[in-house]
Amino acid sequence: MTEQDHTEATPGRGHGLEGTTAAVRELLLALAVGFTLPSPLPASLKRRQDLEHLRETATEAGLLLPDGSLVGTAHHALLNGTPDAIIHALQRELVDTYRADGRPLGGLARELARGGLRHPQVAAELEEAAEEALESDPGLASTLFAESLLSGAKELPKAARRAQAAAATGDLDAAGRLVDRLLALPEPPELALGVDVAAAVWAERGMLSRSADTYRWLGPERMGTSAPLAALAMIGSGDMAGAHGVLADGGSMGSPTLLAVALSLMGDGLSRTLESSSELGLSELIRASDMMNAAGVAAPMPEIPAVLAALCALHSGEPAVADTVVRAALAASQGGDTARPRLFLLQAWCAMQQDNPDDARLAINEAVKANPWDLAPRDRFLRAALELGLARRSGEVHQLVLAWDHAREAMMHVSVDLYSLLPWGEVLITAARLRETGRVAHYLQGAWELLDRLESPVLWSVPLHWAAVQAALLGENPAELAPHATALVRASGHSHYAAMLAAGGKAWVSVLAGRFVASDVETAARGLAAVGMPWEGARLAGHAAARADERRDMVKLLACARDIHPQGSAAQPEAHQDPPAGIGAPETAEASGLSAREKEVARLVLEGKTYREIGDAIYISPRTAEHHVARMRRRLGAENRSELLVRLRLALGDAHPPHA
């Protein structure tokens with residue numbers, strides 16, 4: 001027996017290793033680092049004649065399982081009690097053995113890298129595995145790339161792919177740092193891919209014009225299959241000539257893969273949305289999204305086809321179509337983790353347009369928790385605009401003011417582009433509602449200049465013109481309204497959506513002027529509802545009902561509002577709550593649904609009195625007057641002030657005619 005075979009004390013007391021011989025420990029350590037029984041084994045063990053005896057001894061000691069694998073406690077004790085130099089020497093021998101046999105390391109490569117082994121073979125296999133996982137599982141690819149660095153891989157040769165993985169998982173900062181280092185090299189490897197990632201990161205940050213600048217720096221001669229992405233960025237930032245140039249000079253589709261077909265359809269569809277036949281553009285964008293879903297890849301791009309298709313559907317007055325596209329993209333994980341928040345936020349926008357605020361808030365919550373990182377700036381702005389829209393539609397002024405503060409902060413981090421016009425429209429309306437138009441004037445000026453550079457495409461410009469019409473109505477500014485109303489009328493010949501909005505705008509003007517035909521207003525209101533604007537349609541009908549001269553027209557218009565906005569009419573009086581301080585006990589309601597005190601308040605409300613004026617008139621505090629109005633609104637099931645005025649008139653009956 002050799003000196004090594006004598007019994008010795010070993011590291012890791014209490015793990016069953018006490019009393020084992022050096023030869024047994026040599027076998028166990030080899031198994032701990034990744035060798036297996038019966039092979040491969042280190043050369044020193046393969047030469048031993050008593051290998052089977054050593055195995056039996058270790059098994060009898062409870063250190064080896066019958067299948068030849070090492071017991072976990074012994075595995076831990078051996079690796080932690082053996083010098084790193086010895087462990088790494090054995091691991092290098094293990095890697096050389098695999099390579100000599102022509103066998104891949106597989107999952108063993110990850111264990112070796114995490115254990116601190118620096119070996120070119122381990123690094124190469126991890127990078128290869130990362131590249132294979134990149135398009136289908138970018139999260140795994142990002143982890144494998146990180147492990148390859150632990151094993152000695154160089155960062156820059158695969159920097160573009162590392163950045164792609166980071167961006168696809170939502171880690172924009174890591175992706176941005178990688179492409180910064182890559183693009184600073186004299187001869188960057190995989191340059192076009194690096195530019196795609198850089199452009200996608202700029203877009204996420206709400207700076208699409210920087211995405212376009214990055215593609216201009218690349219140049220059409222080096223663009224290849226990235227040309228549709230470059231065109232997307234250039235169109236979105238208002239450079240139609242540049243987009244045509246890259247599509248003409250660098251628009252080779254390459255191999256007809258699902259991804260290549262999706263990008264080609266996306267480029268063609270987006271170009272068509274700028275023309276009068278925008279319906280064909282929407283159809284092509286939807287097919288591009290379908291192809292992207294089928295491809296199952298997470299390629300970096302400034303905007304994914306599903307988002308473009310959904311935006312075009314929303315701009316066409318078809319929120320149900322947009323919702324279908326978004327749901328399919330979410331199910332297929334289109335765009336990877338980084339696209340999920342944006343898709344959920346668009347789903348929320350569709351729900352808001354279709355008058356489903358609860359669904360909208362659920363989708364917003366899904367967007368917020370989709371990734372461990374905070375929302376990217378452009379998604380944060382989209383969320384802020386959604387909060388404005390929901391607060392405005394609920395009639396909660398306090399919530400609207402809070403949402404406005406958040407939106408003002410969010411808009412400072414982004415610039416205007418073609419694909420953000422919907423949220424900017426909501427910002428414009430809210431600014432007018434709160435008399436804050438001056439704070440957003442320069443942003444909106446940028447939006448109009450962008451549309452002018454693109455020759456005011458109907459599909460993209462109509463919703464912003466409608467927002468401007470609403471803002472002008474809120475600001476009682478006919479001079480501001482006229483050009484946008486004219487633009488809607490002019491677009492009506494090319495767009496059914498524009499025609500409905502033009503009719504709605506005309507009806508609003510007539511209502512506010514007090515010279516309207518009830519049937520015309522009803523037609524306009526139902527037209528708005530038909531193009532995905534039930535709340536807007538109901539608001540128009542309700543406002544007209546509040547101003548109707550004839551009770552018959554009032555009832556008809558109120559019924560129309562209830563019909564197209566059932567949530568408003570379905571509201572029930574809330575359960576009794578303790579009255580706020582200063583109000584006293586609830587009064588008994590009469591058949592009208594109002595108490596005697598509430599009737600006093602109602603008459604003053606219908607006379608246009610403020611809370612302070614109501615309080616002065618009947619000797620209560622302004623806050624108490626406000627509580628009376630809120631309670632009447634709940635009791636009568638009024639969704640907004642216009643409905644409240646109508647229902648108060650109906651409740652007061654002949655005691656208060658339509659125009660008191």
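None of these values were measured; they are calculated from a predicted model.

### Things to note about the overall build of the chain
- If you tally the helices and strands in the chain, you get 35 helices and zero strands.
- The C-alpha atoms of the chain give 34 Å as radius of gyration, which overshoots the globular expectation for 660 residues (26 Å, by more than 25%).
- Within the chain, the proportion of its 660 residues that are buried is 52%.
- Considering only contacts within the chain whose residues lie at least 6 apart along the sequence, 63% involve residues at least 24 apart.
- Summed over its atoms, the accessible surface of the chain is roughly 29,000 Å², and 52% of this surface lies on carbon and sulfur atoms.
- If the 62 positive side-chain charges of the chain are averaged to one point and the 82 negative ones to another, these points end up 6 Å apart.

### Section: the packing of helix 17 (residues 305–315) against helix 19 (residues 340–353)
- Closest axis-to-axis distance for the helix 17/helix 19 pair is 11 Å, and the angle between their directions is 15°. Accordingly, the angle class assigned to the pair helix 17 and helix 19 is roughly parallel. In terms of crossing hand, the pair formed by helix 17 and helix 19 is left-handed. Where helix 17 approaches helix 19, its residues A306, V307, A310, L311 and L314 are matched on the opposing element by R342, L343, L346, W349, C350 and Q353.
- Partitioned by chemical class, the residues of the contact of helix 17 with helix 19 number nine nonpolar, one polar and one charged.

### Quick notes on the nonpolar core
- Ranked by size, the top nonpolar core spans 102 residues in total, and within it Y215, L343, M411, L418, Y419 and W460 carry the most contacts.
- Every residue in contact with M411, bar those within four places of it in the chain, is listed here: F381, W404, W424, V427, V440 and Y443.
- Judged by nonpolar contacts, the second largest core, of 57 residues, contains V521, L540, A638 and L645.

### Some words on helix 10 (residues 172–183)
- The first and last C-alpha atoms of helix 10 sit 16 Å apart over twelve residues, in line with the 16 Å expected at 1.5 Å per residue.
- Buried within helix 10 we find L172, A174, A175, G176, L178, V179 and L182.
- As for helix 10, its buried residues are in contact with helix 9 (159–168) and helix 11 (191–204).

### Description of the packing of helix 29 (residues 534–547) against helix 30 (residues 551–564)
- Here helix 29 crosses helix 30 at 165°, and the two axes come no closer than 8 Å. Judged by the inter-axis angle, helix 29 sits roughly antiparallel to helix 30. Relative to helix 30, helix 29 is oriented so that their crossing is left-handed. When helix 29 is examined against helix 30, the residues P534, G537, A538, A541, G542, A544 and A545 are found in contact with a partner set consisting of M554, L557, L558, C560, A561 and I564.
- Classifying every residue of the contact of helix 29 with helix 30 gives eleven nonpolar, two polar and no charged.

### Things to note about the side chain of E284
- Relative to the helices and strands, E284 is located in helix 16 (residues 278–295).
- Beyond its immediate stretch of four places on either side in the chain, E284 contacts L265, D268, G269 and R272.

### Digging into the environment of L501
- Among the secondary structure elements, L501 is positioned in helix 27 (residues 496–513).
- With 95 residues separating them in the primary sequence, L501 and H406 have C-alpha atoms 29 Å apart.
- With near-sequence residues (within four places) excluded, L501 lies in contact with V462, W466, L488, L528 and M533.

### Topic: the packing of aromatic side chains
- Tallied over the full model, the rule gives three aromatic pairs.
- Aromatic pair W424 and Y443: ring centres 4.8 Å apart, planes at 25°, arrangement stacked. On the criterion of sequence distance, the pair formed by W424 in helix 23 (residues 421–433) and Y443 in helix 24 (residues 441–453) is long-range, its members being 19 residues apart.
- With a relative accessible area of 0%, W424 lands in the buried category.
- You can call Y443 buried: its relative accessible area is 16%.
- Between the NZ or CZ atom of R103 and the centre of the ring of Y98, over which it lies, the distance is 4.4 Å.
- Across from the ring centre of W217, 5.4 Å away, lies the NZ or CZ of R222, which sits over that ring.

### A look at the confidence of the model for the chain
- Per-residue pLDDT for the chain has a mean of 85; in total, 91% of the residues score no lower than 70.
- Segment residues 1–14 is flagged for pLDDT under 50; beyond a separation of four residues in sequence, or across chains, it makes 26 contacts in the model.
- Low confidence marks residues 569–591, where pLDDT is under 50. Its contacts with residues over four positions away, or in another chain, come to 25 contacts.

### Some words on unusual backbone geometry
- In this chain, L37 is followed by P38 through a cis amide linkage whose omega measures 5°.
- Following the sequence through the fold, P38 ends up in the loop between helix 1 (22–33) and helix 2 (43–46).
- A positive phi is found at D355, a non-glycine position, where the angle reads about 70°.
- On the secondary structure map, D355 appears in the loop between helix 19 and helix 20 (357–368).
- Taking relative accessible area as the criterion, D355 reaches 7% and is therefore assigned buried.
- The phi angle at S456 is positive, at roughly 50°, despite the residue not being glycine.
- Tracing the chain through its elements places S456 in the loop between helix 24 and helix 25 (458–474).

### Description of the pattern of salt bridges
- Across all of its chains, the model carries 31 salt bridges by this definition.
- Shared partners join several salt bridges into a network, and the residues in it are E204, E303, R342, R378 and D379.

### Focus: helix 27
- A rise of 1.5 Å per residue sets the reference length of helix 27, with its 18 residues, at 26 Å; its end C-alpha atoms lie 26 Å apart and thus fit the reference within 8%.
- Buried within helix 27 we find Y497, A498, L501, A502, G504, G505, A507, W508 and V511.
- Each element contacted by the buried residues of helix 27 is listed here: helix 17, helix 25, helix 26 (478–491), helix 28 (518–530) and helix 29.
- For helix 27, the side-chain oxygen to backbone nitrogen distance between the N-cap and Y497 is 3.3 Å, and the N-cap itself is S495.
- Phi turns positive, to about 75°, at G514, one or two residues after helix 27.

### Brief notes about the environment of S136
- One can find S136 in the loop between helix 7 (120–133) and helix 8 (138–150).
- Linking S136 and R515, residues 379 residues apart in sequence, is a C-alpha distance of 61 Å.

### What about the state of the cysteines?
- One pass over the structure, following the stated rule, counts zero disulfides.
- Not part of a disulfide, C312 finds its nearest cysteine sulfur in C350, a span of 13 Å.
- Residue classification places C312 among the buried positions, given a relative accessible area of 0%.

Calculation rules
Throughout, residues of each chain are indexed from 1 in the direction in which the sequence is written. Since the coordinates come from a predicted model, pLDDT governs what is reported: local features require at least 70, and pairs of side-chain atoms require 80 or more to be given and counted, while whole-chain, interface and lining totals use all residues. Just so you know, side-chain values use all the structure's heavy atoms and leave hydrogens and water out. Only DSSP runs of H or I reaching four residues or more are called helices, and only runs of E reaching two or more are called strands; each is numbered from the N terminus. The reference for a compact globule is 2.2 Å times residues^0.38; the radius of gyration itself is calculated from the C-alpha atoms. Here the term buried applies to any residue with accessible area under 20% of the maximum for its type, exposed to any over 50%, and partly exposed to those in between, with areas from a 1.4 Å probe on protein chains only. Residues are treated as being in contact if the distance between any of their heavy atoms lies within 4.5 Å. The Shrake-Rupley method, run with a 1.4 Å probe sphere, supplies the accessible areas, and residue values consider only the shown protein chains as cover. When charges are tallied, Lys and Arg are placed among the positive residues and Asp and Glu among the negative ones, while His and the ends of the chain are skipped. Taken as the charge location is NZ of Lys, CZ of Arg, CG of Asp or CD of Glu. Axis definition: a line fitted to C-alpha atoms, over the contacting stretch in the case of helices. Angles run 0 to 180 degrees between N-to-C directions. Oblique is the label for any angle not covered by the other classes, which are roughly parallel (under 35 degrees), roughly antiparallel (over 145) and roughly perpendicular (65 to 115). Crossing handedness follows the turn of the near helix against the far one: under a right angle anticlockwise gives a left-handed crossing, and clockwise gives a right-handed one. Residue type decides the class: Asp, Glu, Lys and Arg count as charged, Ala, Val, Leu, Ile, Met, Phe, Trp, Tyr, Cys and Pro as nonpolar, and the leftover types, Gly among them, as polar. Within this scheme, the nonpolar core is defined by two criteria: the residues are buried Ala, Val, Leu, Ile, Met, Phe, Trp, Tyr or Cys, and they are joined through side-chain atoms within 4.5 Å. Residue count minus one, scaled by 1.5 Å, sets the expected span of a helix. Only centres within 6.5 Å qualify two rings of Phe, Tyr or Trp (six-membered ring in Trp) as a pair; their planes then separate them into stacked at under 30 degrees, edge-to-face at over 60, and tilted for everything else. Whether a charge sits over a ring comes down to the Lys NZ or Arg CZ being within 6 Å of the ring centre and within 35 degrees of the ring normal. pLDDT expresses, on a scale from 0 to 100, how confident the predictor is about each individual residue. Salt bridges are defined as contacts in which a side-chain nitrogen from Lys or Arg sits within 4 Å of a carboxyl oxygen from Asp or Glu. Polar contact criterion, stated in full: a pair of N or O atoms within 3.5 Å, where within protein one must be able to donate a hydrogen and the other to accept it, and residues adjacent in sequence count only if both atoms are side-chain atoms. Count a disulfide wherever a pair of cysteine sulfur atoms falls within 2.5 Å.

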